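So the chains spell out like this:
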Amino acid sequence: MSPKGRLAALVVGVGLVAGVGIAAPALATPTAPAAAPAGVTSTTYTAGFEGGDWEGWSPEDGGNTRGWWIDHTTAQAHGGSQSLNYQLDGTWDNGTIWIEKEFTAPTGTAVPVAVTYWAWSPAAGGPGSGYWLTTASIKGVDHDLGATASNPPWDNLGTWDITPEHYYGGWHQYTKSTTVNTVASGNKVNVAIALHANFETTRDYLHFDDVSVTIG
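Just so it is clear, the structure is predicted and the values come from calculations on it, not from any experiment.

A.B. asks: Got a minute to help me understand the pairing of strand β11 (residues 202-215) in this structure?
C.D. replies: Consecutive side chains along a regular strand alternate between the two faces of the sheet. Summarising burial for β11: 11 of the 14 residues are buried, a large majority. Here strand β6 (residues 111-121) runs beside β11; their pairing, made up of seven bridges, is antiparallel. Counterpart to V115 in the pairing with β11 is V213.

A.B. asks: What's the story with the pairing of strand β10 (residues 188-197) in this structure? I'm lost.
C.D. replies: The element β10 is extensively covered by neighbouring structure, given that nine of its 10 residues are classed as buried. The pairing of strand β5 (residues 96-104) with β10 spans nine bridges and is antiparallel. Looking across to β10, one finds that K101 is bridged to V191.

A.B. asks: Hey, could you run me through the confidence of the model for the chain in this one?
C.D. replies: Close inspection of predicted coordinates is inappropriate for parts of the model with low pLDDT. Per-residue pLDDT for the chain has a mean of 81; in total, 76% of the residues score no lower than 70. Within the chain, strand β1 (residues 43-47) carries the highest mean pLDDT (98), whereas strand β8 (residues 165-166) carries the lowest (82). In this model, residues 1-30 is a region of pLDDT below 50 whose contacts with residues beyond four sequence positions or in other chains number 72 contacts.

A.B. asks: It is not clear to me how the nonpolar core should be interpreted in this structure. Could you clarify?
C.D. replies: By size, the foremost hydrophobic cluster in this structure holds 36 residues, and its most contacted members are W57, Y86, I99, I193, L195, F208 and V213. Going through the elements one at a time, β3 (68-73), β4 (83-89), β5, β6, β7 (132-139), β9 (170-180), β10 and β11 are the ones with two or more residues in this core. If one sorts the elements of this core by residue count, β11 sits on top with six residues. Excluding anything up to four places from it in sequence, V213 contacts T43, T44, Y45, W57, F103, V113, A114, V115 and V191. One finds W98, W154, W160 and A192 within the second-largest nonpolar core, a separate group that totals five residues.

A.B. asks: Sorry, what's going on with the packing of aromatic side chains here?
C.D. replies: Each aromatic ring pair is characterised by the separation of its centres together with the angle its planes make. Taken as a whole, this structure holds seven aromatic pairs when the rule is applied. Judged by centre distance (6.0 Å) and plane angle (75°), the rings of W57 and F103 are edge-to-face. Within this pair, whereas W57 is found in the loop between β1 and β2 (58-61), its partner F103 is found in strand β5, the two being separated by 46 residues in sequence. Both residues of the pair, W57 and F103, belong to the buried class. Taking the centre distance of 6.5 Å and the plane angle of 70° together, the rings of Y167 and Y174 count as edge-to-face. One aromatic cluster is present, built from ring pairs that chain together Y86, Y117, Y167, Y174 and F208.

Cut-off values and rules
- Residues numbered from 1 in each chain as written.
- Predicted model: local features only at pLDDT ≥ 70, side-chain atom pairs only at ≥ 80, totals over all residues.
- Heavy atoms only, no water.
- Buried < 20%, exposed > 50% of the residue type's maximum accessible area, 1.4 Å probe, protein only.
- Helix = DSSP H or I, 4+ residues; strand = E, 2+ residues; numbered from the N terminus.
- Pairing = 2+ DSSP bridges.
- pLDDT = per-residue confidence, 0-100.
- Contact = heavy atoms within 4.5 Å.
- Core = buried A, V, L, I, M, F, W, Y, C linked by side-chain atoms within 4.5 Å.
- Phe/Tyr/Trp six-rings, centres within 6.5 Å; stacked < 30°, edge-to-face > 60°.

Put into structure tokens, the structure is as follows:
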């Protein structure tokens, strides 16, 4: 699939649902990133998705989505004038879409990686409006590796790298930090920022912006 244009699939079934519900619970204080190994320099990469530029990120899906796309939009922006609009038809009660980028990382058995990003929703998406979840995932390998038709990547919430977080109204910053064995991964780190549905509605008003990835 090409990262340059709109990745689109036919969206059928239930139309746009406002997704209002009870207020989501407060997020726990993020765990402080681990200290870098001796001699490892910390590097931070940022992306604002301005001017229709993907900045090396690729839109992807888990293979079990009914209809989706990820595209640039000026409808909402946390910084600058553009963000990414995630659109996903969850009327089959499942589906995961994400952007992903591979980074070169220093050598180490436990290299720290920290990810922050901003997501926008018109209202809080707590349990009362179904489980539409956002999360960042950090792996040494691509998230499609080892996936099959019967077991697409991230098909089950139990296989996600972190506990997914509910949506908040307006812009909200999400964080994730972990360590990666880059000796085993060939000095590669793959970061993904995802939207997951396991509730039978359609979402087409969610926006993501201002991603920051710190390695080391």
